[in-house]
Amino acid sequence: MIVDDFMTLEQRRELIKEGVVILRKIVSQDLCRAAIEAVNRKEGGASDAVQALYHNSPLHSLLQDLLGGQVLPVTSAQIAVRMPTPTDQIDIYMGRPTPSPFDWNGHVDGIAIHPGPHENNPDHEAPIMSFSALVGVALSEQIKPDCGNFAVLRGSHLTNAAFFAHQASKGGPLGPGGPDWPLEPWHRQPGSNASRGQWPDVRPRMIPPPTRSMGDSPRYVGESDNGSWWPSATQQLMSKGDAVIAHYLTCHGESRHVGKKPRNMVFFRIKHHLHTEYRPRDHKTAEMRYMTEVLSDPWLEWSQIEVDKNFRSSLGKQTQSEDS
Ligand SMILES: [Fe+2]
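Parameters and conventions
- Residues numbered from 1 in each chain as written.
- Predicted model: local features only at pLDDT ≥ 70, side-chain atom pairs only at ≥ 80, totals over all residues.
- Helix = DSSP H or I, 4+ residues; strand = E, 2+ residues; numbered from the N terminus.
- Buried ≥ 20, exposed ≤ 12 C-beta atoms within 10 Å, placed from the backbone.
- Contact = placed C-beta atoms within 7 Å.
- Axes fitted to C-alpha atoms, helices over the stretch in contact; angles between N-to-C directions.
- Parallel < 35°, antiparallel > 145°, perpendicular 65-115°, else oblique.
- Left-handed = near helix turned anticlockwise from the far one by under 90°.
- Pairing = 2+ DSSP bridges.
- Nonpolar A, V, L, I, M, F, W, Y, C, P; charged D, E, K, R; others polar.
- Core = buried A, V, L, I, M, F, W, Y, C linked by C-beta atoms within 7 Å.
- Expected span 1.5 Å × (residues − 1).
- Arc of directions from axis to C-beta.

### With respect to the overall build of the protein chain
Item 1. Each helix and strand counted, the protein chain has 8 helices and 10 strands in total.
Item 2. Looking at the protein chain residue by residue over its 324 residues, the buried ones come to 44%.
Item 3. Sequence-distant contacts, at least 24 apart, represent 76% of the contacts inside the protein chain between residues at least 6 apart.

### Section: the packing of helix α3 (residues 29-40) against helix α4 (residues 48-55)
Each pair of packed helices gets described by two things: the angle between the helix axes and the distance between those axes.
Item 1. One way to put it is that α3 packs onto α4 with a least axis distance of 8 Å and a crossing angle of 150°. One element, α3, and the other, α4, form an angle in the roughly antiparallel class. Of the two elements, α3 crosses α4, and the hand of that crossing is left-handed. Contact residues: α3 offers Leu31, Ala34, Ala35, Glu37 and Ala38, while α4 offers Ala49, Val50, Ala52 and Leu53.

### A few points about the sheet that holds strand β10 (residues 263-270)
Item 1. Taken together, 5 strands build an open sheet; the order of strands is β1-β8-β5-β10-β2 and the sheet is antiparallel. Of all strands in the sheet, those bounded by a partner on one side alone are β1 (20-23) and β2 (78-82). Between one strand axis and the next, the sheet turns through 20° on average, direction left out of account.

### Quick word on the packing of helix α6 (residues 156-169) against helix α7 (residues 286-296)
Item 1. Two elements in contact, α6 and α7, have axes separated by 7 Å at closest approach and are oriented at 140°. Across from Ala161, Phe164, Ala165 and Ala168 in α6, the residues of α7 making contact are Thr292, Leu295 and Ser296.
Item 2. The residue inventory of the contact of α6 with α7, partitioned by class, reads 5 nonpolar, 2 polar and no charged.

### Here's the deal with the nonpolar core
Item 1. Core analysis: the largest hydrophobic core is formed by 65 residues, its most contacted members being Ala35, Leu63, Val135 and Ile245.
Item 2. The residues touching Leu63, leaving out its near neighbours within four places in the chain, are Val71, Ala133, Val135 and Ile270.

### Considering α6
Item 1. The first and last C-alpha atoms of α6 sit 20 Å apart over 14 residues, in line with the 20 Å expected at 1.5 Å per residue.
Item 2. Residues Ser156, His157, Leu158, Thr159, Asn160, Ala161, Phe163, Phe164 and Gln167 constitute the buried set of α6.
Item 3. Considering only its buried residues, α6 is in contact with β8 (243-247) and α7.
Item 4. Directly after α6, the chain includes Gly171, whose backbone phi takes a positive value near 100°.

### Remarks on the sheet that holds strand β9 (residues 252-254)
Item 1. One open sheet holds the 3 strands; their spatial order is β7-β6-β9, and the pairing between them is antiparallel. Among the strands making up the open sheet, the edge pair consists of β7 (234-235) and β9.
Item 2. Note that strand β6 (residues 150-152) and β9 share 3 bridges and pair antiparallel. Each residue of the ladder has a partner; that of Phe150, found in β9, is Glu254.

### Re helix α2 (residues 9-18)
Item 1. Of the positions making up α2, those classed as buried are Arg12, Leu15 and Ile16. Each buried residue of α2 sits inside an arc of 95° when the element is viewed along its axis, so together they form one side.
Item 2. Positive backbone phi, approximately 85°, marks Gly19, located one or two places after α2.

### So, the environment of Arg256
Item 1. In this fold, Arg256 is placed in the loop between β9 and β10.
Item 2. When the 27 C-beta atoms within 10 Å are taken as the criterion, Arg256 is described as buried.
Item 3. A sequence separation of 110 residues divides Arg256 from Asp146, and the C-alpha atoms of the two residues are 5.4 Å apart.

### Describing the environment of Val74
Item 1. As for its placement among the helices and strands, Val74 is situated in the loop between α5 (59-66) and β2.
Item 2. Owing to 18 C-beta atoms within 10 Å, Val74 belongs among the partly exposed residues under this scheme.
Item 3. Counting along the chain gives 14 residues from Val74 to His60, while the straight-line C-alpha distance between them is 8.9 Å.
Item 4. Apart from the residues within four sequence positions on either side, Val74 is in contact with Tyr54, Phe268 and Ile270.

Structure representation (structure tokens):
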């Protein structure tokens, strides 16, 4: 299997357990250089040089392998440039001092940002625009924290999947407005997007409620229910040519940027060939039953890490015994 050539068993276990793994130097410096030049020329994510980061590196074959050989065509990419934060803005978030020095905007992609059919309740019946894997390629050095690093809530893919399974067990639908996830205030302001939230209380609205208590550094502050919740994620330290693979359900965001140079990443969103958007109003259809299973079982689509499914079972037992 190709996966054996580019991921060690330990790396696969890391992906299973943490929901994220970094593959060092998997993209050549030549490919990175060409992509940087294309970005500088203002070419988009669909340009040949940017697409080559995925298609002409081992990433394409690796993701095909991980997802059972059947992945929807990848033709687009997000070019994510994060500029250094001006010094006087470092602890300011959307115009106000942050309660935490750790400025990150954790979220699960595609939740509560695509308005549903209800005019006054945009989250109601809003689709979940999911995918299978997020693949990020570093085009600049991000080897120190607080340089706009890609950051994750480790293990949140499991918490989120468990919550969706819980919503399904109660009859659905999944997402905001479904069981045990009340619709939350929507105050989108010009120039913002929902992932960044609005003061004072909707910052975590793109994250399933149980996951909001997560955070793994001493800089975790605040509470999930009073608007002062600011999770502290694990910043990924990467060099040019490194790739990060994150499970779709892993909460992620970017750290604040106190460095001097722009942080450049390119993100590819990879979908298993049966993957579709989840539409709450169609929850009981066969297509949505499948997507309900996908969102409830983080490894359903990852057929080539069967070994690690066994590992996951052992992890579950380990956690139980640790808890007791
Ligand atoms: Fe995102």
